[in-house]
Amino acid sequence: MARGGRIPPQARLGRLPGRSAARGDGNGPAVAGVVLLLPDGEPESARRASALSYAAVLPLGRVLARAGRDDGLTVHGVRYRGRGWNGADARLAADAAWAVEEVVRRYGDVPVCLAGHGMGGRAALHAAGHPAVNSVLALAPWLPEDDMAAEPEPVLQLVERQVLIVHGTNDARTDPELSYRLAERARKSNPDICRFEVHSDGHALRQYQEEVHALAVDFVRGSLFTGSYARPLADALAAPPPLGLRMPLAAGFGRSLRA
């Protein structure tokens, strides 16, 4: 573990405390799919990764692990080397790519969903080109402002991946309009992308956390295992822009599925 603010030499896969998930040791369901949780970060920083950002993605990880246990889902949090994206270094995306390689080394040929929040959402989108990745869940992804002098955010790596973006309309840290524009560009080469707007929610998506988690569970299980989605998600994937990229996340979404 890093001490005194020093950056560790390599990213690591963390285990979820008390997780209920598939196992590869013969004592539980065989691992049939993996979710990699990618925490938030910062645009520029030389500091070690934030423990608070890592802790913030664990509730989603636990929900996913419980819901996917019988499918053979296992969930790992990615512990970055540091918290900064740091320009062209794209450190968090590199750590995400390393994590996918580590999943392949540990579990073999299993599908992977990259699930990231904030800067982790950007890392998930960037690292989606690995052959093992079949889906991306980007929650309130941090994206740079449009700059005529800079290359636009890449989207071709998302082709043939299922992609779900979720963004709060009151996000004061990451502009939801930027995630819409990226989804709009990506949809031109990939029809399997949709985006939900959580009205009045902020960057942490706490106000409607239950609905966001239920949507994430439906997306992850559908993309990794079942091949089918609940009606709202299926409709969003089928709807042409802009409707399929500005779908409102209805209050009580998770409860309606259980009714």
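Above this text you will find the structure in question.
Now for a look at the structure at hand. Quantities reported herein were computed from a predicted structural model and do not represent experimental measurements.

Thresholds, definitions, all that
- Residues numbered from 1 in each chain as written.
- Predicted model: local features only at pLDDT ≥ 70, side-chain atom pairs only at ≥ 80, totals over all residues.
- Heavy atoms only, no water.
- Helix = DSSP H or I, 4+ residues; strand = E, 2+ residues; numbered from the N terminus.
- Buried < 20%, exposed > 50% of the residue type's maximum accessible area, 1.4 Å probe, protein only.
- Polar contact = N/O pair within 3.5 Å; in protein donor to acceptor, adjacent residues only side chain to side chain.
- Contact = heavy atoms within 4.5 Å.

1. Focus on unusual backbone geometry
Each neighbour pair has its own omega, and for Pro 241 with Pro 242 the value is 0 degrees, a cis peptide bond. Within the fold, Pro 242 resides in the loop between helix H6 (231–238) and strand S8 (247–248). Non-glycine residue Ala 140 carries a positive phi angle of around 45 degrees. Along the chain, Ala 140 falls in the loop between strand S5 (133–139) and strand S6 (162–168). At Leu 205, a position not held by glycine, the phi torsion is positive, near 55 degrees. If you trace the backbone, Leu 205 turns up in the loop between strand S7 (193–198) and helix H5 (209–226). Of the residues examined, Leu 205 reaches a relative accessible area of 4% and is grouped as buried.

2. Some details on the side chain of Thr 174
Checked against the element boundaries, Thr 174 lands in the loop between S6 and helix H4 (176–187). Of the residues examined, Thr 174 reaches a relative accessible area of 2% and is grouped as buried. Among the polar contacts listed, one links the side chain of Thr 174 to the side chain of His 167, at a separation of 2.9 Å. Side chain to side chain, Thr 174 and Asp 171 meet in a polar contact 2.5 Å long. Ignoring anything within four residues of it in the chain, the contact list for Thr 174 reads Ala 140, Pro 141, Trp 142, His 167 and His 203.

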